[in-house]
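Observations on the three-dimensional arrangement
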Amino acid sequence: MSFTPTKETYSGKVYPVTIGTGDKAVTFGGENVLTFHSFEGETPNRPVIAYEIQDVPPTDWPDSVKKPFEGVSDDPVKWAKFCQDELKAAVIALRLIGTHPDKEDRSPADASKTVSDLLAAIDVPLIILGSNHAEKDSQVLVAVAEAAKDKNCVIGKAQEANYKTIAAAAMANNHKLIAMSELDINLSKQLNILITQMGFEKERLITDPMCSALGYGLEYTYSVMERIRLAALLQQDATMQPPMLGDIGMYVWKVKETHAPEADQPQWGSTEERGIAWEATTATSLLIAGAELLIMRHPKAVEALEKVIEELI
Amino acid sequence: MALSGVEIFKLLPKTNCKKCGHPTCLAFAMKLAQRQASLDSCPDVSEEAKQKLGEASAPPVRPITFGAGDKAVKMGEETVLFRHDKKFVNPCAFALEIKDTLSSEEISELAGQVVGSEIDRVGQKLRIDAIALTNSSGDAGKFESAAKLVAEKAPEVPVILCAENPGAAEAAVKIFAGKRPVIYGANSSNVDAMAEIAKANKAVLGVTANGLEELSTLTEKIKSLGVEDMVIDSGARKAKDIIEQNTLIRRAAIKKGFKPLGYPVINFVQREDSLHETLMAVIGVAKYASITVLSSIEKWKNLALFALRQNIYTDPQVPMQVEQKIYNIGEPGPDAPLFITTNFSLTYFIVSGEIENSRVASRLAIMDCEGLSVLTAWAAGKFTASKIAQFISESGVEKEISHKELIIPGYVAILSGSVEDKLSGWKITIGPREANAIPTFLKTRTA
C-alpha cells in the first residue's frame, strides 16, 4: 500500500488584523489553515505576544513575576518603555485594573491620562484593557478610546453586558476591538454577530473565547478555540473568522501552582521555574489550539514562546 | 478501511431477531459503523462476516501495551483528530532518556528520579512512565551493563531500548524478558535482524524512517515478518515537522483506515534548554504522540506536563468532578466562614482559588451534583434546598464550627428561605454570584 498524505482543503480564512501605526505596526491572523499547518496552506503572519502592564503597581502579582519589573512597575510609562526597549516587546497590553471599583476606583479621566502618556512614550502598538467590571469598563473604555483616537489600538473587552458603548467608541475612534464571551462557541458567535450588526466591521474584531489556566479548565478554552477555528475554516463561518486572543498571564499567575513556595510543596519543585513553565505551557497549548495573539507577563516565558514559535513556523 | 453501516448490514444475518438489543439488523449495523456496538452481541453472525468485520472494526490506531504489571503503558486505540469529538483514549507516556555513556552513579540517580516521580493530582497518580535507554556509546557491552543497572534500580518501570545495532539490542532485551520492552529500533538497513529480535523476545518494535512513505513500507515489511506491535517515528524532530507528520499519520489512520500508519507514535523532543523541551513535549501531547522522550525531568517540568496531559485527555462529555466533602482552605478555626457549592471541578477550582486569594481561612462544602455547575445543577434539581440541608446535616460539619451560618452562591439566592426552613437554627447568607467577588465579600464581612 503506498502512502498518500491526506491534505485538507479549507474554504475559509482567518482575517488578518493589523494594529498600531507606522513602522512598528503588527499584523497577525490571515492563515487559511489550522495553526502551524503550513504544509497545506498559507500562514502569512506569525503569532504575536504582548507584554502585560498595569496602570497601578502589580501588588497582587506573585513575587517571581513581580521581580523582573522591579524599579519600573511603579509607573506605567517606565514599565512600558522597559518592555519596549529592554525586552523588545512587539506589543504592549495595558490593563487598567486600577479603575476597578474594588481596587483604586480610578476615574475615566485618570485612565485617559495614563493612555495618553503611554502613547507619547512608546511606538509599538497598544492594547488597552479595562478592569473587567462591565459597568465601569463601559465608561473607562469609551474615554480611553477617544484619548487614543486614530492610533489603531486594540480596545477590550466588549462583553454581552456592555458591548454597545464600547464597540461604538472603538468604531468612532478607529480601533480594533476584543469581543469576549464565556467559554462557549455559540455565545462567542452571538456576540460577534451582535457587534457586527451595529455596523462594526468584522475584519476589525478579535475573538476572546475566555482563557483558563493549565490545570484549571484549560481544556475548555483549548476545545472552544479548536472548534471556532474549524468553523472558520471548514464551514466558512464569517462570524468565527476573526483572529483569537489568549489572555494568558492574568489567569495563570493566580493559580496555586504559580506561587506556592517550594517549602510547602516540595514535590512541585522550584516556585519560579514552575510559574514560568505554567505560563509558557498554557500559552503553547493555546497557540496550537488556534490563538494568534497572546498577552503574557514573565519575560522568560515570553522568550521561551518566541523560541518555540520560531521552530513552529 | 472502515465499512459503512450499509456495507456492514450486508454481512449480518438480516433476521431482525433483536438478540443484540437493537430493533433491527440495520440499526445494529449503524451502531457498529459508529463503533458504538460490538459484533460480539450478535449470536448468529457467520465466521466469514466476523473476519471481514473484525478487520474493518479493528481500531484505526492499534492498541499496544509495553512494560508489565501495574506500571505497564497502554497506547493507541485513538479514534478522532480533535478532543471535542470524543475522548482521547490513552494518554501520552513520558520517557526519560538515559545514555549508556553515563557513569553508574549517574544512571542510578536518573533511574531513581523516574521511580520517585509519582505525584497525586486531582485524585490521579501521575508519573514519568518509562525510561529510554540509549546506546550512545555504540558499544554492545556498555549498553548491556547499563540495561542491567536500570533493571535493578527501576525494576517496575517500562523501558525503551534505543539501539541501531542489533547486537546491542539483543543483549539488552534479554535482561527485560517478560517485561515487554520497546526496541527502538528498526530502520531500513537493519529491519530484518530487528524484527527477528523483537519477535523472539516478544518486544514491541520501534520503527524509524525518513518520512512517511518509507515508514509505511517498513511497517508493512515488519508485519510480514511476523511482528504486529510497533511504535512509529517519522524522523521529525523540529516542532513544525512533528505537527505535520503526526497530523498526517493520525489522519491516514483515522480518515483513510491506512493500516501501515495505524500505530502509536513516538517523538523525541530533547533540547538543551529544559523549558524549551517542556514546550516541545506540550506539542507532542496535544498533537497525537503516544510517547515523548525527554532529556530531563525536573519536578516543576513534570507537574506542568502532567497537568497538561490530564487536561488534554479529559473526557469532553463527562464534566470533571471533585469528591463530595468539606474542604478546609487555610487552617479554619471554629468561627471560620462556611461556603457551599457544587462538585464541578472548575467551580471547585475557581471558588477555592478565590477563597485562597482572600487569605481568609474558610470551609468549603462541595456537594455531589454529578459534576454540574451551580445554575445547571439547580435547574436539573440536583442543587436543591432539601439536598443541601441533608448534605450539611450529614456532613458533621456542625460539630467543627461554633456558628450556624452557611454561605450559598449568589446565583441560587432564591434557595435561601427554603434552606433556612429545612436546616433548623441555621442562618443562610447569600454570597456573590461570581467567584471573583469572594475576596471583596469576605473583606467587607470582617470589616
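Rules of the game
- Residues numbered from 1 in each chain as written.
- Chains lettered and ligands numbered in written order.
- Predicted model: local features only at pLDDT ≥ 70, side-chain atom pairs only at ≥ 80, totals over all residues.
- Heavy atoms only, no water.
- Helix = DSSP H or I, 4+ residues; strand = E, 2+ residues; numbered from the N terminus.
- Rg over C-alpha atoms; globule rule 2.2 N^0.38 Å.
- Buried < 20%, exposed > 50% of the residue type's maximum accessible area, 1.4 Å probe, protein only.
- Contact = heavy atoms within 4.5 Å.
- Areas by Shrake-Rupley, 256 points an atom, 1.4 Å probe, with all protein chains shown as cover.
- Lys, Arg positive; Asp, Glu negative; His and termini not counted.
- Charge placed at Lys NZ, Arg CZ, Asp CG, Glu CD.
- Phe/Tyr/Trp six-rings, centres within 6.5 Å; stacked < 30°, edge-to-face > 60°.
- Lys NZ or Arg CZ within 6 Å of the ring centre and 35° of its normal.
- Buried area = accessible area lost by both parts, 1.4 Å probe.
- Salt bridge = Lys/Arg side-chain N within 4 Å of Asp/Glu carboxyl O.
- Nonpolar A, V, L, I, M, F, W, Y, C, P; charged D, E, K, R; others polar.
- Pairing = 2+ DSSP bridges.
- Axes fitted to C-alpha atoms, helices over the stretch in contact; angles between N-to-C directions.
- Polar contact = N/O pair within 3.5 Å; in protein donor to acceptor, adjacent residues only side chain to side chain.
- Core = buried A, V, L, I, M, F, W, Y, C linked by side-chain atoms within 4.5 Å.
- Left-handed = near helix turned anticlockwise from the far one by under 90°.
- Parallel < 35°, antiparallel > 145°, perpendicular 65-115°, else oblique.

**Regarding the overall build of chain A**
Counting its regular elements, chain A contains ten helices and ten strands. Its C-alpha atoms give chain A a radius of gyration of 19 Å, within 12% of the compact-globule value 20 Å for 313 residues. Seen along its three principal axes, the alpha-carbon backbone of chain A occupies a region of about 65 × 55 × 35 Å. Scored against the burial criterion, the 313 residues of chain A give a buried share of 62%. Restricting to contacts in chain A with at least 6 residues of sequence separation, those with at least 24 account for 67%. In the form shown here, chain A has an accessible surface area of approximately 11100 Å², with 49% of it arising from carbon and sulfur atoms. Side chains of chain A carry 30 positive and 45 negative charges; the gap between the two charge centres is 2 Å.

**Quick word on the packing of aromatic side chains**
Using the criterion set out here, one finds 14 aromatic pairs over all chains in the structure. Judged by centre distance (4.7 Å) and plane angle (45°), the rings of tyrosine 184 of chain B and phenylalanine 268 of chain B are tilted. Remark: phenylalanine 268 of chain B occurs in strand β11 (residues 266-268) and tyrosine 184 of chain B occurs in strand β8 (residues 182-186); sequence separation between them is 84 residues. Phenylalanine 268 of chain B shares its class with tyrosine 184 of chain B; the two are buried. Three or more aromatic residues joined by ring pairs form one cluster here, namely Trp61, Phe69, Trp79 and Phe82 of chain A. Stacked on the ring of tryptophan 61 of chain A, the Lys or Arg arginine 297 of chain A has its end atom at 4.0 Å from the ring centre. Stacked on the ring of phenylalanine 88 of chain B, the Lys or Arg arginine 250 of chain B has its end atom at 5.5 Å from the ring centre.

**Here's the deal with the interface of chain A and chain B**
On the side of chain B, 54 residues touch chain A, which itself brings 53 residues to the contact. Carbon and sulfur atoms supply 65% of the area that chain A and chain B bury against each other, a total of about 4800 Å² over both sides. There are seven salt bridges connecting chain A and chain B. Looking at the side of chain A that touches chain B, the elements that each hand over two or more residues are α7 (218-234), α9 (271-289) and α10 (299-312) of chain A. Broken down by element, the residue count for the side of chain A that touches chain B peaks at ten residues, all from α9 of chain A. Grouping the amino acids of the side of chain A that touches chain B by side-chain chemistry returns 25 nonpolar, 13 polar and 15 charged.

**A word on the pattern of salt bridges**
Scanning the model with the defined rule gives 47 salt bridges over all chains in all. Linking aspartate 60 of chain A and lysine 103 of chain A is a salt bridge whose minimum nitrogen-to-oxygen distance equals 3.2 Å. Taken together, the positions of aspartate 60 of chain A in the loop between β3 (48-54) and α1 (63-66) and lysine 103 of chain A in the loop between β4 (91-95) and α3 (108-121) put the pair 43 residues apart, joining distant regions of the chain. Overall, lysine 103 of chain A belongs to the partly exposed group, its relative accessible area being 45%. Taking the shortest distance from any N to any O, the salt bridge between arginine 180 of chain B and aspartate 229 of chain B comes out at 2.4 Å. With arginine 180 of chain B in the loop between α6 (166-173) and β8 and aspartate 229 of chain B in the loop between α8 (212-224) and β10 (230-233), the pair connects residues that are 49 residues apart, well separated along the chain.

**Some points on the sheet that holds strand β6 (residues 130-134) of chain B**
Residue and element names in this part refer to chain B. Taken in spatial order, the eight strands line up as β10-β9-β8-β7-β6-β3-β12-β11 in an open sheet, and their pairing is parallel. Either end of the sheet is taken by a strand with one partner, and the two such strands are β10 and β11. Between one strand axis and the next, the sheet turns by 25° as a mean value, whatever way the strands run. Pairing of β6 with strand β7 (residues 159-162), which is carried by four bridges, proceeds in the parallel orientation. The residue of β7 that forms the bridge with isoleucine 131 is valine 159. Lying on the sheet, helix α7 (residues 191-200) is in contact with β8 and β9 (204-208); it crosses β8 at an angle near 165°.

**Comments concerning the side chain of threonine 35 of chain A**
All names here are of chain A. Here threonine 35 shows up in the loop between β2 (26-28) and β3. From its side chain, threonine 35 meets the backbone oxygen of leucine 287 in a polar contact 3.3 Å long. Looking at threonine 35, its side chain comes within polar contact range of the main-chain oxygen of isoleucine 288, at 3.3 Å. Those residues in contact with threonine 35, other than ones at most four positions away along the chain, are Leu287, Ile288, Ala289 and Gly290.

**Here we look at the nonpolar core**
In this structure, Leu126, Leu177, Ile195 and Leu305 of chain A together with Ile160 and Leu205 of chain B are the most contacted members of the largest nonpolar core, which totals 210 residues. Once residues within four sequence positions are removed from consideration, leucine 305 of chain A is found in contact with Ile49, Ala280, Ala283, Thr284, Leu287, Leu294 and Met296 of chain A together with Leu279 of chain B.

**Some words on the packing of α9 of chain A against helix α10 (residues 274-286) of chain B**
Contact pair α9 of chain A / α10 of chain B: the axes reach a minimum separation of 9 Å and the direction vectors enclose 35°. Relative to α10 of chain B, the crossing made by α9 of chain A is right-handed. In this structure, α9 of chain A contributes Ile276, Ala277, Ala280, Thr281, Thr284, Ser285 and Ile288 of chain A to the contact, and α10 of chain B contributes Leu275, Thr278, Leu279, Val282, Ile283 and Ala286 of chain B.

**Digging into the packing of α7 of chain A against α9 of chain A**
All names here are of chain A. The geometry of α7 relative to α9 is characterised by a closest axis approach of 8 Å and an angle of 25° between their N-to-C directions. As summarised for this structure, α7 and α9 are arranged roughly parallel, according to the angle between their axes. Crossing handedness for the pair α7 and α9: right-handed. Of α9, the residues touching α7 (which contributes Leu218, Thr221, Tyr222, Met225, Glu226 and Arg229) are Thr282, Ser285, Leu286, Ile288 and Ala289. Residue classes in the contact of α7 with α9 are distributed as six nonpolar, three polar and two charged.

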